[in-house]
Amino acid sequence: MKNKKKNKGLKPSSYEILSKLAAADKELEALIDKELSPEEEDKELSRICEEAEKELNALALKDPAEATRIFAASPYFIEDIDPKEEVYLGERVIVYKWKAKELDTPEKRAAYVREVNRPLE
């Protein structure tokens, strides 16, 4: 398990999301011992990650500051975030605070995340 960060300043409801991320982290580690085909492994990885991250991604649209604190506290994510400088918008999208100020509504944040995660054409 990866060593990570403190849970300082989280809302009580955020601990459930942290718990789900921790459970997913363990589930991902357990995949190593399973004998799966590459296709099965990709499918299982996607399922675990999607399920684990969906509540955090939804929260990031409404309350990016709290989502950022959860992201920073969770050992589930490999990526680091500096909550003093950066904001988590969901779906693995991290922006600087100046950019987050431009994205001041859930709709703007969702559109930006969709744009960033759009497959290359």
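What counts as what
Residues numbered from 1 in each chain as written. Predicted model: local features only at pLDDT ≥ 70, side-chain atom pairs only at ≥ 80, totals over all residues. Heavy atoms only, no water. Helix = DSSP H or I, 4+ residues; strand = E, 2+ residues; numbered from the N terminus. Rg over C-alpha atoms; globule rule 2.2 N^0.38 Å. Buried < 20%, exposed > 50% of the residue type's maximum accessible area, 1.4 Å probe, protein only. Contact = heavy atoms within 4.5 Å. Areas by Shrake-Rupley, 256 points an atom, 1.4 Å probe, with all protein chains shown as cover. Phe/Tyr/Trp six-rings, centres within 6.5 Å; stacked < 30°, edge-to-face > 60°. Axes fitted to C-alpha atoms, helices over the stretch in contact; angles between N-to-C directions. Left-handed = near helix turned anticlockwise from the far one by under 90°. Nonpolar A, V, L, I, M, F, W, Y, C, P; charged D, E, K, R; others polar. Expected span 1.5 Å × (residues − 1). Arc of directions from axis to C-beta. Salt bridge = Lys/Arg side-chain N within 4 Å of Asp/Glu carboxyl O.

**Student:** Now, about the overall build of the protein: what can you tell me, with residues and values included?
**Tutor:** Counting its regular elements, the protein contains five helices and two strands. Starting at the N terminus, the α and β elements of the protein follow one another as α-α-α-β-β-α-α. Against the globule reference of 14 Å for 121 residues, the protein gives a C-alpha radius of gyration of 15 Å, in line with a compact fold. In terms of overall dimensions, the protein has a C-alpha envelope of 45 × 40 × 20 Å along the principal axes. For the protein, the proportion of its 121 residues judged to be buried stands at 36%. In the protein, 51% of the contacts between residues at least 6 apart in sequence involve partners at least 24 apart. For the protein, the exposed area adds up to about 8,100 Å²; of that, 53% sits on carbon and sulfur atoms.

**Student:** Help me get a handle on the packing of aromatic side chains, residues and values and all.
**Tutor:** Under the defined criterion, the tally for this structure stands at four aromatic pairs. Arranged with centres 6.1 Å apart and planes meeting at 50°, the rings of Phe 77 and Tyr 88 form a pair that is tilted. Of the two residues, Phe 77 sits in the loop between α3 (64-73) and β1 (86-90) while Tyr 88 sits in strand β1, which places them 11 residues apart along the sequence. Taken as a pair, Phe 77 and Tyr 88 share a single burial class, namely buried.

**Student:** For the packing of helix α1 (residues 14-31) against α3, give the residues involved together with the corresponding values.
**Tutor:** With their axes 10 Å apart at the nearest point, α1 and α3 run at an angle of 35° to one another. Crossing hand, α1 versus α3: right-handed. Counted together, Ser 14, Ile 17, Leu 18 and Leu 21 of α1 and Glu 66, Ile 70 and Ala 73 of α3 form the full contact between these two elements. Residues that form the contact of α1 with α3 fall into these classes: five nonpolar, one polar and one charged.

**Student:** Tell me what's going on with α1, and back it up with residues and numbers.
**Tutor:** Given 3.6 residues to a turn, an α-helix orients residues that are three or four positions apart in the same direction. Taking 1.5 Å of rise per residue, the 18 residues of α1 would be expected to cover 26 Å, and the 26 Å separating its terminal C-alpha atoms lies within 8% of that figure. Within α1, the full set of buried residues consists of Ser 14, Ile 17, Leu 18, Leu 21, Ala 24, Asp 25, Leu 28 and Leu 31. Around the axis of α1, the buried residues are gathered within 125° of arc, so they sit on the same side. Where α1 is buried, its residues contact α2 (38-62) and α3.

**Student:** Residue-level account of the pattern of salt bridges, with values.
**Tutor:** Per the counting criterion, the structure on display carries 12 salt bridges. A salt bridge links Lys 20 to Glu 16, with the nearest nitrogen and oxygen atoms 3.5 Å apart. In this pair, Lys 20 and Glu 16 both sit in helix α1, four residues apart, roughly one turn of the helix. Note that Glu 53 and Arg 92 form a salt bridge whose closest N and O atoms lie 2.6 Å from each other. With a gap of 39 residues between them, Glu 53 in helix α2 and Arg 92 in the loop between β1 and β2 (93-96) connect regions that are remote in the sequence. One salt-bridge network, in which partners are shared between bridges, spans Glu 16, Lys 20 and Glu 55.

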